[in-house]
Every structure is written in structure tokens, then in C-alpha cells.
Amino acid sequence: MSETPVTSSVSKGCFVFKSTSKKRKRHVGVGGYLVDGSDDNGSDRFRICQKLWETVQMNTEVIQDQLNKHVLDSLVEFIKKHDLGNSPDVWRQRSSEIPTAALMLGVNVPDHAMTFRSLCNLLQDSVTPFVVSVHAKECAAVKLLIHKLLEQLMGKGVSVDEEQEDETALLQRTQCTISALCQWYKTVTKKCPQVSPQRKANLKNNDLPRSLPVVVIFKDFEAFNSQVLQDFILICSRYTQELPFIFIFGIATSPSAIQHRLPHSVSSLLCIEVFQSLSCTQHLASVFDKLILNSQFPFKLSSRVIQVLVGIFLYHDFSVQNFVKGLQFSMLEHFNGQPLSVLCCQKKEALLFAKTLSQKNVERIRHLPSFMRYVETQEPQEQVQLLTSDEHVKDTCQKLLKNLHKYHKNYYPILQCLHSLTSLLPKFPLGKHIRELHVSCIEKNLWETEEYDSAMQLLRILAKDELVAALEKCAEILKSAKTKRMQNVLQQVEDFIGRLEALEGVTSEESTGDGVILEKNRRTDLFQLQKTLLEKESRRTKRVNPYEVLRSQVIEFIDSLVREYLTPAELQPLSEVCYYSSSAVLRQRLNVSPRTSIQTALSHPFHYLQNESLKTNAGTISSAAPDLCIVYKLHLECGRLINLYDWLEAFVTVMSAAEDQDADSEEKGKFDSLKHARFIQAVSELEFLGFVKSTKQKTDHVARLTWGGC
Amino acid sequence: MSVTLQCPGYPEDTLRSLADRLPCRETQLTSLLSLMGQPDQYSYPSVFIYGHRATGKSHVVLTIMKDLELPHASVDCVECVSGGLLFHQVLSAFFGPDAAALLPRCPSLSDFVRLYKQMSSSTPATQTRYIILDRAERMRDMDFSLLPALLRLQELVNDNVTVILLSEIVWEKFRPNTGCFEPLLFHFPDYSKAELVQILSWDHHPSYTPELYASYINILLGVFFSVCRDLRELRHLAVLNFSKFCEPLEKGEAKESDIHKLWKNIEPHLHRAMQTVYLREVSSMQWEQQQMDEKEATTLRGLSAHAHIELPYYSKFLLIAAYLASFNPARTDRRFFLKNHGKIRKTNFLKKHEKTSNHLLGPKPFPLDRLLAIFYSVVDSRVAPTASVFSQISSLVTLQLLSQVGHDDQLDSPKYKCAVSLDFILAISRTVSFDVVRYLYDFL
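This is a predicted model, so every value here is computed, not measured.

### Digging into the overall build of chain B
Item 1. Regarding its fold elements, chain B presents 20 helices and eight strands.
Item 2. Taking the principal axes of its C-alpha atoms as reference, chain B extends roughly 90 × 70 × 40 Å.
Item 3. Burial status across chain B gives 33% buried among its 444 residues.
Item 4. Across chain B, every contact between residues at least 6 apart in sequence was considered, and the portion connecting residues at least 24 apart equals 71%.

### Focus on the overall build of chain A
Item 1. Secondary structure assignment for chain A yields 32 helices and 10 strands.
Item 2. Within chain A, buried positions represent 33% of all 710 residues.
Item 3. Looking at chain A alone, contacts between residues at least 24 apart form 75% of all its contacts between residues at least 6 apart.

### Some remarks on helix H20 (residues 422-431) of chain B
Think of an α-helix as 3.6 residues a turn; residues three or four steps apart then line up on the same face.
Residue and element names in this part refer to chain B.
Item 1. Of the residues making up H20, those classed as buried are Ile425, Ile428 and Ser429. For H20, the angular spread of the buried residues around the axis is 95°, confining them to a single face. The exposed residues of H20 that point more than 90 degrees off its buried face are Asp423, Arg430 and Thr431.
Item 2. Where the residues of H20 are buried, they touch helix H14 (313-327).

### Brief notes about the sheet that holds strand E2 (residues 72-76) of chain B
Residue and element names in this part refer to chain B.
Item 1. Strand order in the open sheet formed by five strands is E2-E3-E4-E1-E5, and the pairing between neighbours is parallel. Two strands in the sheet have a free side with no partner beyond their single neighbour: E2 and strand E5 (184-187). Direction aside, neighbouring strands of the sheet carry axes that sit 20° apart on average.
Item 2. As judged from the five bridges shared by strand E3 (residues 129-134) and strand E4 (residues 161-167), these two strands associate in the parallel manner. Bridge assignment links leucine 133 to a residue of E4, and that residue is leucine 165.
Item 3. Across the sheet, helix H3 (residues 57-67) lies against strand E1 (46-50), E2, E3 and E4, angled at about 155° from E4, the strand it touches most.

### Overview of the environment of Met456(A)
All names here are of chain A.
Item 1. Residue placement: methionine 456 occurs in helix H20 (residues 450-459).
Item 2. Look at methionine 456 and you get buried, because 20 C-beta atoms sit within 10 Å.
Item 3. Along the chain, methionine 456 and glutamate 556 lie 100 residues apart, while their C-alpha atoms are 9.4 Å from each other.
Item 4. Apart from the residues within four sequence positions on either side, methionine 456 is in contact with Ile555 and Asp559.

### Quick notes on the UniProt feature "domain: Orc1-like AAA ATPase" (unreviewed entry) in chain B
Item 1. Those residues carrying the UniProt feature "domain: Orc1-like AAA ATPase" (unreviewed entry) are residues 21-164 of chain B in this numbering.
Item 2. Secondary structure content for residues 21-164 of chain B is 46% helix and 14% strand, and the end C-alpha separation is 21 Å.

### A word on the sheet that holds strand E7 (residues 402-405) of chain B
All names here are of chain B.
Item 1. Reading across the sheet, the three strands line up as E6-E8-E7 and stay open at both edges, with antiparallel pairing between neighbours. The sheet is open, and its two edges are formed by strand E6 (366-367) and E7, each paired on a single side.
Item 2. Relative to strand E8 (residues 415-418), E7 is paired through four bridges, and the arrangement is antiparallel. Looking at the pairing, valine 405 lines up with lysine 415 of E8.
Item 3. Sitting on the sheet, H14 is in contact with E6, E7 and E8, with an inclination near 95° to E8.

### Examining the domain arrangement of chain A
Item 1. By the assigned domains, chain A splits into domain 1 (94-278), domain 2 (284-507 + 541-579) and domain 3 (594-704).
Item 2. For domain 2 of chain A versus domain 3 of chain A, the distance between C-alpha centres works out to 56 Å.

### Some thoughts on the nonpolar core
Item 1. Residues Val215(A), Leu133(B), Ile164(B), Leu319(B), Ala321(B) and Ala322(B) are the most contacted members of the largest nonpolar core, which totals 217 residues.
Item 2. Per-element tally for this core: the top contributor is helix H18 (residues 390-422) of chain A, with 12 residues.
Item 3. Excluding residues within four positions of it along the chain, Leu319(B) makes contact with Leu311(B), Leu396(B), Leu401(B), Val420(B), Ile425(B) and Ile428(B).
Item 4. Ile217(B), Val223(B), Ala238(B) and Cys246(B) belong to the second-largest nonpolar core, a separate cluster that totals 23 residues.

### Things to note about helix H19 (residues 434-443) of chain A
All names here are of chain A.
Item 1. Most of H19 is tucked away, with seven of its 10 residues classed as buried.
Item 2. Listed as buried for H19 are Ile434, Arg435, Leu437, His438, Val439, Cys441 and Ile442.
Item 3. At its buried positions, H19 is contacted by helix H11 (280-291), helix H12 (303-317) and H18.

### Examining the interface of chain B and chain A
Item 1. Between chain B and chain A, the contact holds 39 residues from the first and 46 residues from the second.
Item 2. Those elements that provide at least two residues to the side of chain B that touches chain A are helix H4 (83-95), helix H11 (231-251), helix H13 (284-293), H14 and helix H19 (387-398) of chain B.
Item 3. Per element, the largest residue contribution to the side of chain B that touches chain A is five residues, and it comes from H19(B).
Item 4. Taken together, the residues that form the side of chain B that touches chain A break down as 18 nonpolar, 14 polar and seven charged.

### What to know about unusual backbone geometry
Peptide bonds are mostly trans, and most non-glycine residues show a negative phi.
All names here are of chain B.
Item 1. One non-glycine residue, alanine 54, lies in positive phi territory at about 55°.
Item 2. Considering the arrangement of structural elements, one finds alanine 54 in the loop between E1 and H3.
Item 3. We classify alanine 54 as partly exposed; it has 19 C-beta atoms within 10 Å.
Item 4. Positive phi outside glycine occurs at glutamate 69, with the angle close to 55°.
Item 5. In this fold, glutamate 69 is placed in the loop between H3 and E2.
Item 6. When the 12 C-beta atoms within 10 Å are taken as the criterion, glutamate 69 is described as exposed.

### Some points on the pairing of E4(B)
Both faces of the sheet carry side chains from a regular strand, because those side chains alternate between them.
All names here are of chain B.
Item 1. Counting buried positions along E4 gives seven out of seven residues, so the element sits mostly inside the fold.
Item 2. Here E4 shows two buried faces, one formed by Val161, Val163, Leu165 and Ser167 and the other by Thr162, Ile164 and Leu166.
Item 3. Here E1 pairs with E4 via five bridges, running parallel. In the sheet register, phenylalanine 48 faces E4, and the bridge partner there is leucine 165.

### Let's talk about the pairing of strand E3 (residues 214-218) of chain A
All names here are of chain A.
Item 1. In terms of residue burial, E3 counts as a mostly covered element, since five of its five residues are buried.
Item 2. Alternating positions in E3 separate into two faces, Val214, Val216 and Phe218 on one and Val215 and Ile217 on the other, with burial throughout.
Item 3. Both strand E2 (residues 131-134) and E3 contribute to a ladder of four bridges, which runs parallel. From the neighbouring strand, serine 133 faces E3, where its bridge partner is isoleucine 217.

### Side note on the packing of H12(A) against H19(A)
Residue and element names in this part refer to chain A.
Item 1. Relative to each other, H12 and H19 sit at 150°, their axes nearing to 9 Å. By the angle between their axes, H12 is roughly antiparallel relative to H19. Residue-level inspection shows Ser303, Ile306, Gln307 and Val310 of H12 in contact with H19, the latter providing Arg435, Val439, Ile442 and Glu443.

### What about the confidence of the model for chain A?
Residues and elements named next belong to chain A.
Item 1. In this model, chain A carries a mean pLDDT of 79, and residues with pLDDT of at least 70 account for 80%.
Item 2. Mean pLDDT values over the elements of chain A span from 43, in helix H7 (residues 197-206), up to 92, in E3.
Item 3. Segment residues 86-93: pLDDT under 50, and six contacts once partners within four positions in sequence are set aside and those in other chains are kept.

### Describing the confidence of the model for chain B
Item 1. Scored by pLDDT, chain B comes out at a mean of 83, with 90% of its residues at no less than 70.
Item 2. Confidence scores differ between elements of chain B, with helix H16 (residues 346-349) of chain B showing the lowest mean pLDDT of 54 and H14(B) the highest of 94.

### Re the environment of His260(A)
Item 1. Along the polypeptide, His260(A) turns up in helix H9 (residues 256-261).
Item 2. Along the backbone, His260(A) and Ser226(A) are 34 residues apart, and their C-alpha atoms lie at a distance of 9.3 Å.

The rules behind each value
Residues numbered from 1 in each chain as written. Chains lettered and ligands numbered in written order. Predicted model: local features only at pLDDT ≥ 70, side-chain atom pairs only at ≥ 80, totals over all residues. Helix = DSSP H or I, 4+ residues; strand = E, 2+ residues; numbered from the N terminus. Buried ≥ 20, exposed ≤ 12 C-beta atoms within 10 Å, placed from the backbone. Contact = placed C-beta atoms within 7 Å. Arc of directions from axis to C-beta. Pairing = 2+ DSSP bridges. Axes fitted to C-alpha atoms, helices over the stretch in contact; angles between N-to-C directions. UniProt positions renumbered as here; feature names shortened; annotations may be inferred. Domains from an automatic or database assignment. Core = buried A, V, L, I, M, F, W, Y, C linked by C-beta atoms within 7 Å. Nonpolar A, V, L, I, M, F, W, Y, C, P; charged D, E, K, R; others polar. Parallel < 35°, antiparallel > 145°, perpendicular 65-115°, else oblique. pLDDT = per-residue confidence, 0-100.

Right, here's the structure in full:
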């Protein structure tokens, strides 16, 4: 308490205190963020974290580019096509229509920025330098929209050619109209071929001198004021002959939004084509494959954490960007909170770090629950060694780290195999997506769950061609796995496939044999026939098809694989090094509830202030609490309308409760102006927070804005 | 026809070619010309021309101006986001860009009048100057004094100038309540069917006979005349579908005289065009592509076919809750969302005035509290009132699935309306297996 600076203010709130320069110096170094003073490898952890984050960023960008490639390419194709379509065609005059691409991006608006950025870059590189992207926020009126357009285009003109600077400045000063833009466009396109040799080369390739289109990207079509859009389109359509406009509407909902927004007279000026981008769930799946279901990426998430992150994605925002942010946050938390996370890196590096573990960290390893479990399974002599000798712990640690890496290398291929097998089954007993399977695998022993049993049951009645196809898929997956054991498994799988295929001849032969028997008995009477049929039926039930035998072998084999490789991660010794598991923290940080925290702050001030004197029992109002808290608690007891005078009296009663014992009974119930002022201030703060508001229904009353009361 | 076109002061052959270039607008042309008088005579200060879309208003006026080489300034009022732009365009058209540059930064009407006077005194008008204001209805949104001033601009600037206003709506909607100079009203009637045929037959394809094209236009109008009389649209459609019409001729399956055969070929095609390309469900580019591909079976998916929207789980429930709040009377919430709602007799419960379908009346506004209360009772799991739930509401507003109503006081219970259709909400609730109909008062 003595350390905290004191303010002169009566109210509670956030105050800025400039720290002394001495304190600040400690936090200057970049690597210093994770330095705890107690351990020495903070900078190492910071470095590892940084490196991992870079790989994450790089990978997500690559994935985004790959996924968007198709739709972006077709967009560019569309623009080029219309570009060529502008060639003089005497007979028809369709050119008054503005080519428009409706780009369907889905409701995950935070992810759109990246798509638009790559779209802009792509267009500028391959089609036209005149690309403008506008946001609804900046364009509340047509004037602003045109201004934005001119600003972005002519600014570019300046960068292309220095001479033009005075010219554009003049234009901007005088007029902000499309006709001014027209003038500018004419001068620029005259010069442009000489300016950029790259474009010139492009032109030569196509052997067709064409005009460069002006692409206008409306990033969030829905948010635009429809009147602004209509006017803008009307104005632009007047100039299509001179200025080849192309619009791109970034649409989050559905293309019918265009029809809702624009009347027929305006939409008839557009030539709209729809482009569908990939759904965000597919995007998430590929990010998941790349970052989480990957043995190369040392940082892992526990099942609970995955559930929290995926839950936020599916229930709240559909934003892959936010998912990656969540991953980044958990990485930071892990490397910050877990000193042993220094071992969470590539195998070679990790082994090196394991060799040079400090004594403190060795002690930390001894306290890891997974390590303790491991110790318990060892021989007594070994146990003693592990508990006493630091060197021995380091050696064991290296061994265990190797095992952990091996576990991961074997885990993912087998997981994928199992998924490819079970994704064939009706109703997806083990989950439709591989992430669901992954979560249940690392959480508990998969083979003990009911879902696994039912999946296995369904696998046991799989038809042959399906089974072969699934096994072939597995073989494909296993081929990419490098470890020896996986190669072994691959061999076995291939062996099974071979045997299954060899079965083909056998079964067909047998069926023809049956046919022959039937042929022979055709001439016999009905009774005879029935008898033979029954006999055959009984024989068939007794005799097991060779395929069925083989199939059960295959299933047994898969089951053994699952039991061997898909063990829960928690059981692996040293799993805490790689796995981040505090889902509660993550949920609290990423899925915040401002209302709850305000209410906690008001009703339990101790929770945030950590001041011993504020600890209270539930249901009582302590006079030591801040005024705002007292006022808040008192207001909870009132109905929809609160009488200010009653409220004040209650407040004063609480305030003077402490003084009451020794004070005069005369003074009880009286209040001085100081208390009055404090009360007024607290009430206005409560009003500011949105709990009460003034009302005209009754004099000297305020209305409650929250639920509760009567 | 050109006999009637005799206006002193204009060269006769130009007048004749003018009459040829403006078919079906002879009467309008003659009366306009007589109204304008000889070039050096003062004309009526302001003329108001009205008529539906694509009835040739601006085309006729601008062709007259261009062909007779009269000094004119043509301004589209959509472009004039401020009065200053209008003044600028007028001045630069009459006196060159240098004069326009003299305008101050935010020119007022008096600045314009002063400059105009100054300029016209140095270069007085030898011919009547015309200011043509297209889409004049936009003028009403500009400065209220602009329209009355322009109507009597001739008086104000003391120059031979006439203002021609072109609009799709009638003058009664323009008249300011303070009164103003009444312009001369002039109506352009819609084209009749015969006139449309005559005009459309003009742009016949060079490689086919005009008769064939005329018969094509007749077929086209037979299909489209009942829904569309917009010349521009019809022309667009004629161009788009002509290649399909000619297809049997190209293939040699029919001769030009086999009108019936050609009609049988094109008629279903045109009907399909009415449902797709005319409504801009399919772009004209795609339509042509489809014609070339010759695949009848592959029907292009129109814009409204992509109605499905993927939403996060809670957003779906928020939308459903908003729909319920919008279309159920607030009084009935107790019955739908409370487990023990007590005994509410159905006869009492259904009030008479509420029997009219709420769906016919449209969505009603509801406060945020009600939305959240319904949301918490329809969603099957416990949901914490986190920030992301609230941000989802605002993102639904930006996606225009909800719309915010009334005042912008955000702190004090904002009100919303649900802006989606019943079909949409049925589709959404099906994906989360929620039976929305059971909760709707109208379907009780």
C-alpha cells in the first residue's frame, strides 16, 4: 500500500502515473519481456516464441494465398475479359454497362482485409495500376467517395511521374469530379506505356493495345449508404466511354443484397458476375492441418484450449484471423508462464537446451505431474537416481524429449488414417472433422469411448471396395511419414491391400461354384429345392467368407494401431513442455464479458483492488468500500424507479455505520455536505456506467436501466 | 414531314437532318424550335420538360443544341454534389475554364450571378444561351434558393439565357412553398408500340434485311411490351437476343421468310430472358456466353439463387430472436418463453385487433433487452453475455440483417428491427434445428 502513489481525487478510476526512469530501463530490451529474474533463459524463450510466431504468420499467409488463388485468378480473368471487350464494336453499344464482380466473402469480416490486400497487389501487378479500394466508413456521401477515388488515383499518378505533381495539385484544388478524373486519366494513359516497361511488355504479349481499366473495390458493400452507391453508379455510367470503370463489390451476405440495395434503374447499368470465395470453415480446416496437426510445429494445444478456440470460431465470429490471434495469445501465455517452455522447440535445439538445464529448471521438471508419473513407473533404484542426481535427470530428459518427438511423428499419420477410415461411416461417429477426432484422442483413451466402439462396429460391416479405397488412402498418408515404424505400418497396410485384391478371384470363383450347384438342382421338385436352399443357408452362416476373415484382421490391426499410437498426450512424460492447457485463462481473455467484470468490480471491489480491508461477506455492505460500490449495492435493492432522497439516506447510514459506535445519537441520520457531495458524485458515475438514468416520470427519482428489482 | 419544320434563322438542311435523326418526336421538335425562336431573339426564361425514362427528353434537346451549334451548357444534376460544381460547369461551358477558375472556393449564388454578369458584359450573347439541367429533381435537395433563382436567371444576369430543366417527375413536385417564377411546362409522352417498333428497327444488323429485323422487333415487343416500355432496355434486349434469332438462318434451317419458324425458335428464349437477364439476375455477358455454349440444360444461377448465408451459431440464434421479437407482440412473450406461463386462455389470448397478420404489417421495433431475453431463452445452452455476443448484434446491423431504429442514444436501450424474410429465417432455423414456426404468434 505504501508503494502505490496517492491521488488527490475522491473518486476511483484509472490514473496515469509516470514511472521513474529507473523503473523503465529494466523493460527496454526486447528479449527482456519474459525475464523473470528467477530464471535465466527468458531471452531464449522469447526468441523461440518469436520464431514460432513468424512461422505461424508465414504459414497462414501461404494458406490464405493458396485458398484465394482460384477466386482471385478468376477475378483477374474477368477483368481482363472485359478489358478486351472494350474493343470497338460498331454494331452493339453495350459499353454503357459497368462490369461488376460481386465477390462473396462470407460473414467473417475481419478476414477480408487480407484478401483485399492480395487482390489489390495482384491487380496492380498484372492488370492495371489504377486500383482504388474504398471503405463504407470513409464514404458517407458521394462527394467523399469521389474525393477518395481521386485522392487514391491521382496520388498514384504523382508517384508514377514527378512532372505531373503540379498538374494534379491544380486539379485537386479546383474540382473534385469524375470529369476532372477523366482529364487526368487521358493524360496519364498517354504517358503510361513509356513509364512502366513491365506493362509495355504485357501489352506486347497480348498484341492488343488496350486501355487500362480503373478498378474500384467496395470493401464492405452492405455497409454503404444505398443512396451514395446509386448516385456514384449513375455518375460513373455517364463516363464509361472515356473511363473504363470496373467495380468489385465485397459482399458478406448474399448477392441478393445488390438487388435489395439498388433499384432496377441503377442495377441495369451494371453487368454483374458472382465470384464465390472459399468458406471460412474450409479455411480453418487448412490452418488447423498446417499449424496444429503438424509434428514440425513444436507448440501444441491441449484439447480444452482447442475447444475454446474452435468454439469462439464456430459460435461467435467465423474469423480465422481471430483464431490465429488466439493461437498467438496462447503461445505468448505458454512461453511467458512456463519456464520449461525453453524445451518447446525443434528436436536438436531442445536436446541442446536439455543438456544445459539450470538447477531450478531441473527441480521444475521433477515437479511436473507427467514426470512424476514417469518416475513412479521406474525401478526403485532408478527412482532414487532421478530424485537425487541432476545429471541423470538431464539425461532422462533428453531421452524423454526424443520419445515425445517420436510420439508426435507417429501420432499424426495414424490420426489421419483413422480419420480417413471413419469419415466414410454414416453419421460420423468420431466426428466429421479431423479436429474433433484429434480433440477426443488427446483428451482421453479413445478406445474406451462408446463412439469408438460404434465406429469399429460400423467398420466391421464395410464393403470390400470401400475398405480397399480407404486403405489405399491410408497408404498414401503413410507414405509421407518418415519414421521407421510408420514405414512398417505402411508395409502392413500394403500387404492387406494386396491380400484383399487377391481375394477378388477367389470369391468370384466360389460364387460361380454356387451357381453350378443351383443349376444341377434345378430339375428337382420344390421340396428338394427348399431343402437344398436351407442347407446352403446354414452352410453359409457357418462358413465365414474369406473376405470377412481378412476384414476382421484389418480392423484388429487398425485397433492395435490406435491403441499403440493414439494415446492421450497428457500421459506422455514432459508433455507440459509443449502443451498449453490453461483454457480458463484463454476463455477469460478472449471471450470477455465486460458487463460481468463491471458487476464484479462493483459488488466485490476486493476482486480487483486486492485490498484486505475490502473483504466482505456476501450480502453485507461495508463502509470501507468505494462510494460507487456502496451506491451500486444500495441501488440493487430498489425497484425500477429510485427515490434519490431515500437512496442518500441509506448511503449516509452505511457511511456512518463505522462511526456510529462512538458518535452521538443526535448526529445519527444527519449528513454533512461532504457526504452529500460524495453521494452525488457516485450517482453520476453510476449514470455514466449506464446503470441509472434521470427520468421525467417522477420528480427526484432516477430510473434503473438493468434487470432485477421488482 | 420536314415541311412543318420551318424555323427562320436556322439552316434548312440541318433542320431536315435533325428531323430525320429524331423519329417519332416531330411534334415535340417543332414546338421546341418555335419556342426557342430565332437564335438572336430572347427566349422564354425557363422551360420545364418532363416525361418518363427514355422518352427522348435529353436526346432531343441535346441533338438540337449540337446540330444547330447553339451555345449551351449541359449539366447532370446527379453529379452536382454542391451548387458550386453546377456554377463551375455552366461558366466553363460559356466562357471557358479561365472564367470558371475565378469562382471562389465555396461559391454562392450571388458569386455566380456576379461573375456571369461580368463575363457576359465583355462577351454579350449573340445567340440565346441555353443551360440544360438533366435530372432536375436533384435540384430540390440543393440550396432552396437555387431553383427559384435559376428559373429567372435571365432577369438576374440580364443576358439572353434560357434554362431548360429535364425531369421524370411533374412540376407540381418542384414548386417551392414560397412561390416562384412558373416555367413553361412541356410534356414528352411515352412512345407507343408502333413508335417503338419504328425506332428499334433503326439499328438493324447490316448483314440482314431491315424487314427481318423489323419482324424480330415485333416478336420482341410481343413478349416484352407488357413489362417494359423503356426504350433503352428494349434496345439492350434486342441486341442481346438477336444472334439467337438468327441462329436457324445461319445454320440454314430456315429462310428469312419463315417467320413462324423463327418465332417458335426465339419465343421461349425471350421468355427466359425476361426472367433472367432483364432482371439482371444474370449479367448480359453471361447471357451471351450461354447462348454461345448452346447448352440449354445448364441454367445459370441467378443472383437471388445464392440466398444462403453462413452465420456463426449464436448469430443465427440472435437473428431468430430478433425475428421473433419483431413479429410477435411483446405481450405474448410470456406465453412463448416462460415454462410456467400460467393459464392464458386462448380466446382471451388472441385479441381481435391482433388477428390481422403481423407479417402483413411488417417488422416492429424492439429494444435490445427484449432481444437478449428472447435470445437467452431460445438458445439451448447457457451463454455468458460476453462482448462478442454484443458485437455480433452490431455486425448483424452492418450486414443489414437487422436495422437500428430511431435515435442514436446507444446507452439508453437501442431499438432494432429484423430485416429478413420468413423464408430466410426458416432456412436459418432449420440449420440449427429450431422450430421457429412454433414460436410465431401468426401461426398459432
